[in-house]
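Listed below are the residues making up each chain.
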Amino acid sequence: MNTVQSQTNALQNQQKQIDQLINQLKDVQDKSTAGAAASSAAVTVPNPTPPAGVPSFYSDAGSFLIPGTKTTMKVGGFAKLDVSYDLNAGIGEPGSQSLGINSAAIATGKNGFSLPGTQAAHQIDRYQMSARTSRIALQTNTPTELGNVKFFLEGDFQGGGTGNQSSSNSAPFRFRQAYGTLGNWTLGETFTLWQDRATLPGSWDISSGAGMEGGKRTPVIQYRLDLDPEQKNQISFGLENPVNDFQGADTETFSTATYTMPTNNVTKAPDYLMRFAHNWSGGRVYATTLLRYLEVNDAGSIDPAYALTGKNMTVHGSALGWGLNLGGKLYTGVGHKNNNVVYRLIGGQGISSYINAGNAFSAVINRTGSLNTVPVAGYTVAYQHWFSDQWQANAIFGQQHVWNPNTLLGPTLTQGLQKNLSELDINAVWFPYPWVQMGPSYYYAATDVVKGYNLTGVPGTTRLTSGTAAHDHRFMYSTIIGF
């Protein structure tokens, strides 16, 4: 009897312990759910890719597990067709505009604005079709004790080479991005930290508009420090590939077999970048700083190209470039939940390769053979309106100005040198099905230069000097079909 009673008491005690454990587990689950809901309500980090014109490869949706491993793989891509009509001489390829001055403005067949009076300016009413901005991407993701290990490879068909439109419309393949991540580290070639891709306005054109930070892709070492578990506050650091882009700078070139070093400059240190970002339910704001070292060094040779004083001289000097990029994406809270305003305010000296500054230089060589950095500033404002989950419209306007040191450049180099640039981009996007996008866009772009081109003796011209202002109206229709 005592044995039975003892077993009964033991079972009752075990049942009580089980009930207590169940209640404790329920409390933990309730708190976890409430905390997750609160975090979700407290912050919404904007998607890291633009909402129009470029589908996202950055999520894991559509991935599959590689058998026998912990690695998931995702293969994606899209075919993008851009059809454009320019009322004026045109601003380059559809879907990938060029806002610089036509580098051979007294001739025909080059990208960029064509100044009035030049031969290229006579070739108006241009119709074009292109699918070269189509892309293919591969992504893998592997969980480890140190965080997720991610590999990303992306390419398009805008490479240089022998493609033509006369027969097969062949277009050489090029790689756009090739990088890996480990936790919050990113190493490889991808977009510069200078461009905040989480707050880009929606555009069908893959090139940065006037007043925007340039979207160059470059070798990088980047690290993001999350200051809180919800990722509301983040500091990112970047070391990026340096490029000397002063007036007359020689650049590295490489082909399948060779790599040619520059002849009149030396890169001594990476470009240093740091960004602070704050995310909350109303959007995202950020501030990015940039510091870079520029150096000209012709190795002691006598180079008359820099003879600004009328005498041959050797050139060896350096300068520091700096930049500040302030921007954000703010949800309006009116109408559709995704309606938002995007803004940019950018300024600095010696940062032409980091801003869509047309054909401006980061620095010029002064009369002592050293470098003077060139100031530049710009702004962009954009509004995105969602009529429904399948329809959106975007209006984007930007301007920028370059303070060129004209007295140091002389009369020849100031010909066709841009000082002001502005652009209006109005577009619409329809999402009839997942991975299908289509819509029209209108662009108005305008620029003016320091000095017109000397057209003396140029065939087909009726004036001695070209105009100093150019503009273009572009109408475009784009479609994306992806997987």
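Every chain's residues receive numbers from 1 upward, in the order its sequence appears when written. Restriction of local features to residues with pLDDT of at least 70 applies here, the model being predicted, together with a cutoff of 80 or more for giving and counting side-chain atom pairs; totals for whole chains, interfaces and linings are based on all residues. The side-chain values count all of the structure's non-hydrogen atoms but skip hydrogen atoms and water molecules.

**Some thoughts on unusual backbone geometry**
- Not every positive phi belongs to a glycine, and Asp125 is a case in point at roughly 55°.
- Only DSSP runs of H or I with at least four residues qualify as helices, and only runs of E with at least two residues qualify as strands; both kinds are numbered from the N terminus onward. With respect to the element layout, Asp125 can be found in the loop between strand E4 (96-97) and strand E5 (126-130).
- Residue classification places Asp125 among the partly exposed positions, given a relative accessible area of 42%.
- Backbone geometry places Gln231, a non-glycine residue, at a positive phi of 60°.
- Relative to the assigned elements, Gln231 resides in the loop between strand E10 (217-226) and strand E11 (233-240).
- With a 1.4 Å probe rolled over the protein chains alone, any residue whose accessible area is under 20% of its type maximum counts as buried; one over 50% counts as exposed, and the rest are partly exposed. For Gln231, a relative accessible area of 28% puts it in the partly exposed group.

**Some remarks on the environment of Ser388**
- Looking at where Ser388 falls in the secondary structure, it is placed in strand E20 (residues 375-388).
- When the C-alpha atoms of Ser388 and Gly335 are compared, they prove to be 9.7 Å apart, with 53 residues separating the residues in sequence.

**A short note on the pairing of strand E21 (residues 391-402)**
- Burial of the side chains of E21 is restricted to one face: Gln392, Asn394, Ile396, Gly398, Gln400 and Val402 are buried, whereas none of Trp391, Ala393, Ala395, Phe397, Gln399 and His401 on the reverse face is.
- A pair of strands is labelled paired if DSSP reports no fewer than 2 bridges between them. Relative to E21, E20 is paired through 12 bridges, and the arrangement is antiparallel. Looking at E21, one finds that Thr380 is bridged to Gly398.
- Taken together, E20 and the strand that follows it, E21, pair antiparallel across an intervening segment of two residues.
- With 11 bridges connecting them, E21 and strand E22 (residues 418-433) associate as antiparallel partners. Across the sheet, residue Gln392 finds its bridge partner in E22, namely Val429.

**Observations concerning the side chain of Arg474**
- Structurally, Arg474 can be placed in strand E24 (residues 469-482).
- Polar contacts, as counted here, are pairs of nitrogen or oxygen atoms within 3.5 Å of one another; within protein the pair requires one atom able to donate a hydrogen and one able to accept it, and residues that are adjacent in sequence qualify only if both atoms are side-chain atoms. In terms of polar contacts, Arg474 uses its side chain to reach the side chain of Asp86, at 2.9 Å.

**Some details on the nonpolar core**
- Residues grouped as a nonpolar core are buried Ala, Val, Leu, Ile, Met, Phe, Trp, Tyr and Cys residues, joined through side-chain atoms within 4.5 Å. Grouped together as the largest cluster of nonpolar side chains are 17 residues, with contacts concentrated most on Trp194, Leu273, Leu290, Ile351, Tyr354 and Val364.
- Counting residues in hydrophobic clusters, the runner-up holds 11 residues, among them Ile91, Ala445, Tyr453 and Ala470.

**Here we look at the pairing of strand E23 (residues 436-449)**
- Note: E22 against E23, 11 bridges, orientation antiparallel. Of the residues in E23, the one forming a bridge with Asn427 is Ser441.
- Two strands pair when backbone bridges link them, and E23 and E24 are joined in this way by 13 bridges, in the antiparallel orientation. When the sheet's bridge partners are listed, Thr447 is paired in E24 with Ala470.

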